[in-house]
Amino acid sequence: MLPFLHLEHVNVARGDTVVLHDINLSIQRGEHLAILGPNGCGKSTLIKTMTCECYPLVQPGTRVSIFGRERWDLTELKKKLGVVSAELPGKQTRRTTGFDAILSGFFSSSTLWPNLTITPEMKDRANEVLEQIDALSLRNKEVGEMSAGQQRRIMIGRALVGSADMLLLDEPSNALDLSAQRDLRLLLQRLACQGTGILLITHLIADILPEMNRVLMMREGRIVADGPKEQLLTASRLSSLFETEVQLHQRDGFYHAW
Ligand SMILES: Nc1ncnc2c1ncn2[C@@H]1O[C@H](COP(=O)(O)OP(=O)(O)OP(=O)(O)O)[C@@H](O)[C@H]1O
């Protein structure tokens, strides 16, 4: 597999504080992996480093390579990376229809601004994505009038429309009810099986798909474990990561923690 990401000795600051310390990480294109760790340990900052929203401190030995390149035009990079979080890209997104919100993914914009040129090919692709994510019924509905689960589905479509090589999902099941969580899992599972790489940050262990065979654990800005899910997803590992007693149960390839 070709590399998606290669980080060597990466330190990242937010404000005046260094929040990621000596990160060494390689991820292949098409890989499926989950990142776990307590609140504030640096998971989102790590994703923002991958999307070049946060920059590593310039230090000897530091190396960042994304899709084999050390320098990127941000607009170009955003087309290759589909980022989905629990928040909408901007407040204008709420007044945008499902179809236009998906189209806006071509421009990494929060809505379809009037100056943007939409080609017939883009519309064809957006229709294809609407179908792929089972969201044809949301085509003409404004995002602000959708449920959280429907919004998340459209945001995944928006992330996929530019034929992203990797989906980066930051707590995508936040605020979703049980049925919407299940729908999201099924959608992600389908995408994973179709070959889309998925990197998932989550606090919900049940979000970790059977297709994800690699788990990364973070604490206080460091990667403290990186390896096969079967080895790392254990009650004792999770108890020590979250400093609380965790029980773990496995069923049909999914894990459930409480
Ligand atoms: N915009 C910001 N300005 C300054 N510090 C920030 C900013 N965003 C995050 N931080 C700090 O960076 C550290 C890592 O935060 P980050 O959001 O990456 O953690 P996280 O693991 O994603 O947390 P959570 O699980 O709560 O979402 C935290 O100490 C946080 O307070």
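Procedures and definitions
- Residues numbered from 1 in each chain as written.
- Predicted model: local features only at pLDDT ≥ 70, side-chain atom pairs only at ≥ 80, totals over all residues.
- Helix = DSSP H or I, 4+ residues; strand = E, 2+ residues; numbered from the N terminus.
- Rg over C-alpha atoms; globule rule 2.2 N^0.38 Å.
- Buried ≥ 20, exposed ≤ 12 C-beta atoms within 10 Å, placed from the backbone.
- UniProt positions renumbered as here; feature names shortened; annotations may be inferred.
- Near = placed C-beta within 6 Å.
- Nonpolar A, V, L, I, M, F, W, Y, C, P; charged D, E, K, R; others polar.
- Domains from an automatic or database assignment.
- Pairing = 2+ DSSP bridges.
- Axes fitted to C-alpha atoms, helices over the stretch in contact; angles between N-to-C directions.
- Right-handed = clockwise from strand over helix to strand, strands pointing away.
- pLDDT = per-residue confidence, 0-100.
- Parallel < 35°, antiparallel > 145°, perpendicular 65-115°, else oblique.
- Left-handed = near helix turned anticlockwise from the far one by under 90°.
- Contact = placed C-beta atoms within 7 Å.

- If you look the protein chain up in an unreviewed UniProt entry, it shows as Iron complex transport system ATP-binding protein from Granulicella arctica.

Things to note about the overall build of the protein chain
Okay, step 1: Along the protein chain, the regular secondary structure elements total eight helices and eleven strands.
Okay, step 2: For 258 residues, the compact-globule formula gives about 18 Å, and the C-alpha radius of gyration of the protein chain, at 18 Å, lands near that figure.
Okay, step 3: When the backbone C-alpha atoms are referred to their principal axes, the protein chain occupies close to 50 × 45 × 35 Å.
Okay, step 4: Relative to its full complement of 258 residues, the protein chain shows a buried share of 34%.

Describing the UniProt feature "domain: ABC transporter" (unreviewed entry) in the protein chain
Okay, step 1: When the UniProt feature table is mapped to this numbering, "domain: ABC transporter" (unreviewed entry) covers residues 5-245.
Okay, step 2: When the span residues 5-245 is considered, its composition is 31% helix and 24% strand, and the gap between its end C-alpha atoms is 33 Å.

With respect to the site of the ligand
Okay, step 1: What surrounds the ligand is the set R14, G15, V19, G37, N39, G40, C41, G42, K43, S44 and T45.
Okay, step 2: Among the elements that make up the shell around the ligand, the one with the highest residue count is helix α1 (residues 43-50) (three residues).
Okay, step 3: Looking at the shell around the ligand residue by residue, the class counts come to two nonpolar, seven polar and two charged.

Quick word on the domain arrangement of the protein chain
Okay, step 1: Its domain assignment divides the protein chain into domain 1 (1-67 + 166-175 + 190-258) and domain 2 (74-164).
Okay, step 2: The gap between the C-alpha centroids of domain 1 and domain 2 is 25 Å.
Okay, step 3: With five residues, the single largest contributor to the side of domain 1 that touches domain 2 is strand β6 (residues 166-170).
Okay, step 4: Here the residues of the side of domain 1 that touches domain 2 are counted per class, giving nine nonpolar, two polar and two charged.

Considerations on the sheet that holds strand β1 (residues 3-14)
Okay, step 1: Read from one edge to the other, the open sheet built from three strands follows the order β2-β1-β4, with strand pairing classed as antiparallel. In the strand order of this sheet, the two ends are held by β2 (17-28) and β4 (63-66), each with one partner. Looking at each pair of strands side by side, their axes are set apart by 25° on average, direction ignored.
Okay, step 2: Inspection of the sheet shows β1 paired to β4 by four bridges, in the antiparallel sense. If you follow L7 over to β4, its bridge partner there is V64.

Re the pairing of strand β7 (residues 197-201)
Okay, step 1: Among the five residues in β7, five count as buried, and that is most of the element.
Okay, step 2: Two elements, β6 and β7, share five bridges in a ladder whose sense is parallel. The residue bridging D170 from the neighbouring strand is I201, located in β7.
Okay, step 3: Once you follow β6 into helix α6 (residues 178-193) and on to β7, the crossover reads as right-handed.

What to know about the confidence of the model for the protein chain
Okay, step 1: When pLDDT is averaged along the protein chain, the result is 93, and 100% of the positions lie at 70 or above.
Okay, step 2: The complex model carries a pTM of 0.92, and its ipTM stands at 0.98.

Points about the packing of helix α5 (residues 148-160) against α6
Okay, step 1: Where α5 meets α6, the closest approach of the two axes is 9 Å, and the angle between their N-to-C directions is 15°. By the angle between their directions, the pair α5 and α6 is classed as roughly parallel. As α5 packs across α6, the resulting crossing turns out to be right-handed. Contact residues: α5 offers A148, G149, R152, R153 and I156, while α6 offers A180, D183, L184 and L187.
Okay, step 2: Within the contact of α5 with α6, the residues separate by chemical class into five nonpolar, one polar and three charged.

Some details on unusual backbone geometry
Okay, step 1: A positive phi angle is found at H9, which is not glycine, with a value near 45°.
Okay, step 2: Within the secondary structure, H9 is located in strand β1.
Okay, step 3: Residue classification places H9 among the partly exposed residues on the basis of 16 C-beta atoms within 10 Å.
Okay, step 4: A positive phi angle, near 55°, is found at D252, a position not held by glycine.
Okay, step 5: One can find D252 in the loop between β10 (248-251) and β11 (254-257).

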